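Observations on chain architecture
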Amino acid sequence: MQDQYPSRCAGQPELLARHEPVARRAWEPGAPLTAEQIERFDRDGYLVLENVFSEAEIAALQAETGRLLSNPAGLEDETVIAEPDSREVRSIFRIHGQSRMMERLAADERLAGVASYLLDDEVYIHQSRLNYKPGFRGKEFFWHSDFETWHTEDGMPAMRCLSMSVLLAENNPHNGPLMLIPGSQRVFVTCVGETPEDHYRHSLRRQEFGVPDEYSLAELAHKHGIEAPTGKPGTVILFDCNTMHGSNGNITPFPRSNAFFVFNAVSNRLVAPFGAAKPRPDFIAARKVEPIRPVSGELMGVAA
């Protein structure tokens with residue numbers, strides 16, 4: 001397969017034009033989003049949906065999050081990722097395979113139905129995780145395009161994929177909210193440096209390869225600006241797989257957590273990595289395609 005987005009194979013970074021659409025389907029009657037929302041996602045590369053889940057649903061999700069965080073020994077060992085300089089939990093991967101409630105959340109029509117519409121295809125979970133940024137000690141996530149890693153290390157062929165972050169705690173301007181560069185989804189920033197063997201063992205704690213250069217980041221930021229959407233629990237932030245994003249550290253006493261689901265189009269299933277010797281493990285990048293059948297109804301009552 002021809003590589004339309006080569007990265008980590010040249011001595012200097014490049015800004016390559018995107019070859020494909022962002023929103024794959026225009027508005028039509030019965031769509032789960034308004035025409036304005038679809039246009040905004042296509043233009044900015046991200047969209048904020050407020051009050052998606054009820055207070056009771058959020059309480060149930062927060063209780064499940066607490067259960068997962070309080071008993072990491074009961075989870076698959078490799079899926080629990082600590083902060084780079086401590087034993088604090090940074091992320092728990094494959095949460096939809098380790099929690100029935102998270103599995104149900106991933107299949108909810110308010111998430112999977114929207115993803116399927118925007119990608120104009122059936123979808124499956126490429127990756128899921130619980131992100132936790134504790135108060136005072138939560139570390140930053142440096143700027144990156146998820147697609148650069150998913151393409152280079154996992155073999156994701158095209159930009160027919162999006163992420164959804166379900167806020168489980170208030171995200172405010174001070175506790176390290178997600179930052180995005182609107183419009184950056186239309187430019188692929190190539191990275192420099194050959195992928196080390198088993199890179200994921202280090203990159204999940206602190207990424208050093210697949211990181212865009214400062215000049216390219218500055219060019220994108222000066223052209224498009226930086227936005228940091230905030231929201232209360234129950235808000236959903238969805239963004240295109242190539243939207244440049246990151247977050248600051250959290251030095252406030254207010255922790256930040258979110259459930260994170262990556263929906264990939266079934267037609268965009270993974271092939272051999274484009275810039276790594278072997279694929280990353282399935283708990284990071286699912287190679288078995290299991291199409292989601294979106295489910296309606298409230299989340300409560302799902303056993304752990």
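Residues numbered from 1 in each chain as written. Predicted model: local features only at pLDDT ≥ 70, side-chain atom pairs only at ≥ 80, totals over all residues. Heavy atoms only, no water.

**With respect to the overall build of the chain**
Test applied: Secondary structure elements follow DSSP: runs of H or I of four or more residues count as helices, runs of E of two or more count as strands, with numbering from the N terminus. Every radius of gyration here is taken over C-alpha atoms, with the globule rule written as 2.2 Å times N^0.38, N being the number of residues. Only protein chains enter the calculation, and the probe is 1.4 Å; a residue is then buried if its accessible area is under 20% of its type maximum, exposed if over 50%, and partly exposed in between.
Check the secondary structure of the chain and you find 7 helices and 12 strands. A globule of 304 residues ought to have a C-alpha radius of gyration of about 19 Å, and the chain, at 18 Å, matches this closely. Once the C-alpha set of the chain is aligned to its principal axes, its extents read approximately 50 × 50 × 40 Å. Here the chain, with 304 residues, has 54% of them falling under the buried criterion.

**Re the environment of I92**
Going by this rule: Contacts are residue-level and defined by heavy atoms, with any inter-residue pair within 4.5 Å sufficient.
Take I92: it is sitting in strand 4 (residues 89-93). In this structure the C-alpha to C-alpha distance between I92 and F283, which are 191 residues apart in sequence, comes to 10.0 Å. The contacts of I92, once residues within four sequence positions are left out, are L68, L69, L75, T79, Q98, S128, R129 and L130.

**Examining the pairing of strand 10 (residues 236-240)**
Condition: Following DSSP output, two strands are said to pair if at least two bridges run between them.
A large share of strand 10 lies buried, amounting to 5 of its 5 residues. On strand 10, burial covers both faces: V236, L238 and D240 on one face and I237 and F239 on the other are all buried. As judged from the 5 bridges shared by strand 7 (residues 161-167) and strand 10, these two strands associate in the antiparallel manner. Looking at strand 10, one finds that S163 is bridged to F239.

**Quick look at the pairing of strand 7**
Along strand 7, 7 of the 7 residues are buried, which leaves the element largely enclosed by surrounding structure. Burial along strand 7 is two-sided: C161, S163, S165 and L167 and L162, M164 and V166, pointing in opposite directions, are all buried. Note that strand 7 and strand 12 (residues 256-265) share 7 bridges and pair antiparallel. Bridge pairing in strand 12 places M164 opposite F261.

**Some details on the sheet that holds strand 4**
What counts here: Each axis is a line fitted through C-alpha atoms, and for a helix only the stretch in contact is used; angles between axes span 0 to 180 degrees, taken between their N-to-C directions.
Pairing in this open sheet of 7 strands is antiparallel, and the strands run 2-10-7-12-5-4-3 from one edge to the other. Looking at which strands have only one partner, the edges of the open sheet turn out to be strand 2 (46-49) and strand 3 (80-82). Taking each pair of neighbouring strands and ignoring which way they run, the sheet shows an average axis angle of 20°. Strand contacts of helix 1 (residues 35-44): strand 2, strand 7 and strand 10, with the helix running at about 140° to strand 2, the strand carrying the most contacts.

**Considering the sheet that holds strand 8 (residues 178-180)**
If you trace the 3 strands from one edge of the open sheet to the other, you get 6-11-8, paired in antiparallel fashion. Of all the strands in the sheet, the pair left with one neighbour each is strand 6 (141-144) and strand 8. For this sheet, the mean inter-axis angle between neighbouring strands, taken without regard to orientation, is 25°. Where strand 6 and strand 11 (residues 245-247) come together, 2 bridges link them in antiparallel fashion. Paired with H144 across the two strands is H245, which belongs to strand 11.

**Some points on unusual backbone geometry**
Located in the positive-phi region is N51, a residue other than glycine, with phi close to 55°. Relative to the assigned elements, N51 resides in the loop between strand 2 and helix 2 (55-70). One non-glycine residue, D120, lies in positive phi territory at about 55°. Residue placement: D120 occurs in the loop between helix 4 (109-119) and strand 5 (123-133). The exposure class of D120 is partly exposed, given its relative accessible area of 38%.

**Re the side chain of D154**
What counts here: N or O atoms closer than or at 3.5 Å make up a polar contact, with two conditions inside protein: a donor-capable atom paired with an acceptor-capable one, and, for residues adjacent in sequence, both atoms drawn from side chains.
Mapped onto the fold, D154 is located in helix 5 (residues 146-154). Assessed through its relative accessible area of 0%, D154 is described here as buried. A polar side-chain atom of D154 sits 2.7 Å from a polar atom in the side chain of R280. Ignoring sequence-local partners within four residues, the contact set of D154 consists of H126, T149, L270, V271, P273, R280, A285 and R287.

**A word on the state of the cysteines**
Stated precisely, the cut-off is as follows: Pairs of cysteine sulfur atoms within 2.5 Å are identified as disulfides in what follows.
If you walk through the whole model with that rule in mind, you get 0 disulfides. For C161, which is in no disulfide, the shortest distance to another cysteine sulfur is to C241 and amounts to 5.1 Å. Cysteine C191 is unpaired, with the sulfur of C9 as its nearest cysteine sulfur at 11 Å.

**Re helix 2**
Note the threshold: The length a helix should cover is 1.5 Å for every residue beyond the first. Note that the arc is defined by the directions from the helix axis to the C-beta atoms.
Helix length check: helix 2 (16 residues) gives 22 Å between terminal C-alpha atoms against 22 Å at 1.5 Å per residue, within 8%. All of the buried residues along helix 2 are E57, I58, A60, L61, E64, T65 and L68. Seen from one end, helix 2 has its buried residues packed into an arc of 160°, which puts them on one side. Opposite its buried face, helix 2 presents the exposed residues E55, A63 and S70, each directed more than 90 degrees away. Looking at the buried side of helix 2, the elements it contacts are strand 4, helix 3 (100-107), helix 4, strand 5 and strand 7.

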